Amino acid sequence: MYLLSILNKIRQILLLLALTLCTYAHAHDFEPLLGQFSQMPSLYNPAATGLSDFIRIRGDARLQWIGIDNAPKTFSGTADMPVKLGKKRIGIGVMVQQEGLGLFSNLEAGLQASYKLKLLGGTLSIGVQGSYLNSKFKGSEVILPDDDDYHEGTDEAIPTQDLSGNKFDFSAGLWFDHKFFYAGISGRHLLDPSIALKMEGSENTEAMEYETRRARTLYFTAGSNIPIKNTLIELQPAIIAATDLTDFTGIVEMRARYNRFISVGIGYRYLSGISLSLGAEYKNFFLGYSYEYPLSAIAKASAGSHEIVAGYQLKLDFSAKNKNRHRSIRIM
């Protein structure tokens with residue numbers, strides 16, 4: 001009976017935490033920060049679109065805290081390409097990210113564009129993004145036991161029906177690309193959107209006062225590609241940091257790439273975990289994997305986090321001689 005009482009208390013705490021996330025808009029929690037962020041820069045900064053002469057497509061799946069029921073799962077995708085308008089060059093792209101956290105799920109889908117300027121021996125990109133946001137709470141899956149002293153099965157403050165809400169948002173960023181390094185700064189969710197959650201299939205919101213918020217967040221990204229003389233090895237340090245001006249998180253990593261084919265890396269997530277990564281490039285394809293071991297007390301319950309990223313890129317020809325010629329992906 002004593003063990004059952006402890007389990008009930010733990011269940012109550014987790015339920016209250018979930019309700020706090022749903023009901024209040026003041027939680028300083030960050031969006032998923034991918035361990036392989038350097039492979040998908042436009043996910044966090046719309047100015048990182050159209051940086052090369054390639055159509056680039058990337059997809060990422062992150063399964064966090066394996067061994068814990070209803071742990072976060074994140075699926076992300078980006079695609080971008082350069083477009084030449086007269087003598088000017090711009091970048092366009094799309095991004096999508098689906099995040100599941102227990103009974104909650106968040107979706108973001110965005111359209112991106114960036115304008116390029118030559119500056120200080122490199123290229124400065126100015127990017128913007130318009131996004132559609134959707135949040136859901138599976139209230140129909142809430143279980144409220146009423147046969148103990150800690151729960152009320154008829155608590156009106158706890159939603160027992162599915163809730164959903166939508167909102168439009170805006171992000172912007174700057175990106176400087178140089179042959180020796182790159183660096184970018186961006187602001188995501190600049191409208192600080194608050195999403196009202198309504199009963200699915202109903203316009204009646206009088207009895208529902210739930211909402212969730214996407215916190216306005218500032219991101220900084222930087223990295224470099226350092227060839228080691230007289231070898232086929234390149235060192236690729238990278239860093240990403242995020243803050244809502246109250247809390248802070250970030251990742252720093254170091255990769256070593258051999259012959260532009262295979263890479264290995266090690267990373268550190270601020271106060272959270274350490275990671276090992278492997279990557280391989282073959283022709284126009286890329287495949288990467290990373291494993292992150294938690295440094296916090298959650299290591300007692302979880303075997304760590306796994307992440308896989310895959311991508312494809314297609315070279316574009318902007319020369320005047322071939323401006324009307326292109327190859328069909330279908331026959332490659």
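Computed from a prediction, not measured in an experiment: that's the story for all the values here.

Q: How should the layout of surface pockets be read in this particular structure?
A: Remark: the empty space left among the atoms is shown by a probe the size of a water molecule rolled over them. Here the second largest pocket is characterised by a volume of approximately 1200 Å³. When contributions to the lining of the second largest pocket are tallied by element, the ones reaching two or more residues are β1 (54-63), β2 (73-85), β6 (163-177), β7 (181-188), β10 (217-224), β12 (233-243), β13 (248-258) and β16 (285-294). A per-class count over the lining of the second largest pocket returns 14 nonpolar, 13 polar and 12 charged.

Q: Any chance you could explain the pairing of strand β3 (residues 88-101) here in plain terms?
A: Where a strand is regular, its side chains alternate between the two sheet faces. Pairing geometry for β2 and β3, over 13 bridges, is antiparallel. Each bridged residue has a counterpart across the sheet, and for Ser76 the counterpart in β3 is Gln97. The antiparallel pairing of β2 with β3 creates a hairpin that spans two residues between the two strands, and Gly86 there sits at a positive phi of about 65°. For β3 and strand β4 (residues 104-119), the ladder comprises 12 bridges, and the chain directions are antiparallel. Bridged to Leu101 within β4 is Phe104.

Q: Mind showing me how you'd approach the environment of Val309 here?
A: Inspection of the secondary structure assignment puts Val309 in strand β17 (residues 305-315). Considered as a pair, Val309 and Gly279 are 30 residues apart in the sequence and their alpha carbons are 9.0 Å apart.

Q: Looking at this structure, I do not really get the packing of aromatic side chains. What am I missing?
A: Tallied over the full model, the rule gives seven aromatic pairs. Between Phe104 and Phe137, the aromatic rings sit 4.8 Å apart at their centres with planes inclined by 45°, giving tilted as the arrangement. Placement of the pair is Phe104 in strand β4 and Phe137 in strand β5 (residues 122-137), with a sequence separation of 33 residues. For the pair Phe104 and Phe137, one class covers both residues: buried.

Q: What is the right way to look at the side chain of Arg58 in this model?
A: Mapped onto the elements of the fold, Arg58 is located in strand β1. A polar side-chain atom of Arg58 sits 3.5 Å from the main-chain carbonyl oxygen of Gln39.

Q: What exactly am I supposed to notice about the nonpolar core here?
A: Here is a general trend for soluble globular proteins: nonpolar side chains tend to be buried in one another's company. With 18 residues, the main nonpolar core has Leu33, Phe37, Leu43, Tyr44, Tyr219 and Ile240 as its most contacted residues. It is β12 that provides the largest number of residues to this core, a total of three residues. Every residue in contact with Ile240, bar those within four places of it in the chain, is listed here: Leu33, Phe37, Tyr44, Tyr219, Phe220, Thr221, Thr249, Gly250 and Ile251. Counting 11 residues, the second largest nonpolar core, distinct from the first, contains Phe137, Leu144, Ile158 and Tyr210.

Q: For this particular structure, what's the right way to read the pattern of salt bridges?
A: Enumeration over the complete set of coordinates arrives at 13 salt bridges. Measuring nitrogen to oxygen at the nearest pair gives 2.9 Å for the salt bridge that ties Glu234 to Arg257. With Glu234 in strand β12 and Arg257 in strand β13, this pair connects stretches of sequence that are 23 residues apart. A single burial state applies to Glu234 and to Arg257, both of which are buried. Note that Glu253 and Arg255 form a salt bridge whose closest N and O atoms lie 3.5 Å from each other. By the burial criterion, Glu253 is buried, and Arg255 matches it. In this structure, a network of salt bridges that share partners links the residues Glu31, Glu108, Arg188 and Arg214.

Q: Sorry if this is basic, but what is going on with the pairing of strand β15 (residues 273-282) here?
A: Inspection of the sheet shows strand β14 (residues 262-269) paired to β15 by eight bridges, in the antiparallel sense. Each residue of the ladder has a partner; that of Val264, found in β15, is Leu278. Sheet analysis places β15 next to β16, joined by 10 bridges and oriented antiparallel. Each residue of the ladder has a partner; that of Ser275, found in β16, is Glu292. Taking the residues that link successive antiparallel strands as the turn, the β15-β16 hairpin has two residues, and the phi of Lys283 there is positive, at about 55°.

Q: What is the right way to look at empty space enclosed by the protein in this model?
A: Summed over the entire model, instances satisfying the criterion amount to two cavities of 30 Å³ or more. Counted as a void, the largest cavity has a volume near 60 Å³. Around the largest cavity, the lining residues are Glu31, Pro32, Gln97, Gln98, Glu99, Asn106, Glu108 and Arg214. Those elements that place two or more of their residues in the lining of the largest cavity are β3 and β4.

Parameters at a glance
- Along every chain, residues carry numbers that run from 1 in the direction the sequence is written.
- Per-residue local features of the predicted model are confined to residues with pLDDT of at least 70, and side-chain atom pairs are confined, for both listing and counting, to 80 or more; whole-chain, interface and lining totals are unaffected and use all residues.
- Excluding hydrogens and water, the side-chain figures rest on all heavy atoms present in the structure.
- The rule is simple: put a 1 Å grid over the protein atoms alone, call a set of points where a 1.4 Å probe fits but cannot get out a cavity, call an open set with protein on both sides within 12 Å along at least five of seven lines a pocket, and count a residue as lining if it has an atom within 4 Å of a point.
- Grid points are joined across faces, edges and corners, and a volume is the space filled by probe spheres set on the points.
- Here a strand is any run of E in DSSP of at least two residues, a helix any run of H or I of at least four, and the numbering for each starts at the N terminus.
- Three residue categories are used. Nonpolar comprises Ala, Val, Leu, Ile, Met, Phe, Trp, Tyr, Cys and Pro, charged comprises Asp, Glu, Lys and Arg, and polar comprises the others, including Gly.
- By the convention used here, strands pair only if DSSP detects at least 2 bridges between them.
- The rule is short: rings of Phe, Tyr and Trp, with Trp giving its six-membered ring, pair when the centres are within 6.5 Å, and they are stacked under 30 degrees, edge-to-face over 60, tilted in between.
- Think of it in three bands: residues with accessible area under 20% of the maximum for their type are buried, residues over 50% are exposed, and the middle band is partly exposed, with areas taken using a 1.4 Å probe on protein chains only.
- In protein, a polar contact means a hydrogen-donor-capable atom and an acceptor-capable atom, both N or O and within 3.5 Å, with residues adjacent in sequence counting only if both atoms are side-chain atoms; elsewhere, any N or O pair within 3.5 Å suffices.
- Working definition of a nonpolar core: buried Ala, Val, Leu, Ile, Met, Phe, Trp, Tyr and Cys residues. They are joined through side-chain atoms within 4.5 Å.
- Two residues qualify as a contact provided that any one of their heavy atoms is within 4.5 Å of a heavy atom in the partner residue.
- A pairing counts as a salt bridge when a side-chain nitrogen of Lys or Arg comes within 4 Å of a carboxyl oxygen of Asp or Glu.

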